[in-house]
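Architecture and fold: a report
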Amino acid sequence: MIRAGIVGGSGYTGGELLRLLLFHPSCEIVQVTSERFAGKSVSKAHPNLRGTTGLKFCTLSQLTRCMSFFCACRTDVLWKVSATSSRSRHA
C-alpha cells in the first residue's frame, strides 16, 4: 500500500486526484494541502466526495513525510515544498 499526500488538493486537478486515488486499491491518501481550506473537511471544497473520506486539509507547513506526493499546485508552491523537503532530509 502506497501512503501518499496531495499538495494543492482544493482545486480541480487536486479534486480529480482525490477522486481517483481514494478508490485505488493500492493507495492510501494520508494528507492533502490547501492554505485556504486548512482545517476544513475535503468535502467542503469537493462536495462530490462527501461521505467517502474523513480527510481534512492541512497547510504546507503541516506536511509530514509520505512515501509519495502528488502535486496539483502552482509551480511556486511546488518549489516551497521541494525546499522544505530538501532541508528536512539533510537535518
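The following paragraphs examine the structure supplied in this document.

Each value, and the rule that gives it
Residues numbered from 1 in each chain as written. Predicted model: local features only at pLDDT ≥ 70, side-chain atom pairs only at ≥ 80, totals over all residues. Heavy atoms only, no water. Helix = DSSP H or I, 4+ residues; strand = E, 2+ residues; numbered from the N terminus. Buried < 20%, exposed > 50% of the residue type's maximum accessible area, 1.4 Å probe, protein only. Contact = heavy atoms within 4.5 Å. Areas by Shrake-Rupley, 256 points an atom, 1.4 Å probe, with all protein chains shown as cover. Salt bridge = Lys/Arg side-chain N within 4 Å of Asp/Glu carboxyl O. Core = buried A, V, L, I, M, F, W, Y, C linked by side-chain atoms within 4.5 Å.

Some thoughts on the overall build of the protein
Of the regular secondary structure elements, the protein holds three helices and four strands. For the protein, the N- to C-terminal ordering of α and β elements is β-α-β-α-β-β-α. For the protein, the proportion of its 91 residues judged to be buried stands at 33%. Relative to all contacts within the protein whose residues are 6 or more apart in sequence, the contacts with residues 24 or more apart total 68%. Surface accessibility of the protein: about 5,800 Å² in total, with carbon and sulfur atoms responsible for 55%.

Brief notes about the pattern of salt bridges
Under the defined criterion, the tally for this structure stands at two salt bridges. Note that Arg3 is salt-bridged to Glu28, the shortest N-O span being 3.2 Å. Linking Arg3 in strand β1 (residues 2–7) with Glu28 in strand β2 (residues 27–33), this pair joins segments that are 25 residues apart in sequence. Residue classification places Arg3 among the partly exposed positions, given a relative accessible area of 41%. The shortest N-O distance in the salt bridge between Glu16 and Arg19 comes to 2.8 Å. Taken as a pair, Glu16 and Arg19 lie in helix α1 (residues 12–22) at a separation of three residues, close to a single helical turn.

With respect to the nonpolar core
Within the largest apolar cluster, 14 residues are counted, with the highest numbers of intra-cluster contacts made by Ile6, Leu18, Leu21, Ile29, Val32 and Val42. Put simply, the parts of the chain that give this core at least two residues each are β1, α1 and β2. Contact partners of Leu21, with chain neighbours within four places excluded, come to Ile6, Cys27, Ile29 and Phe70.

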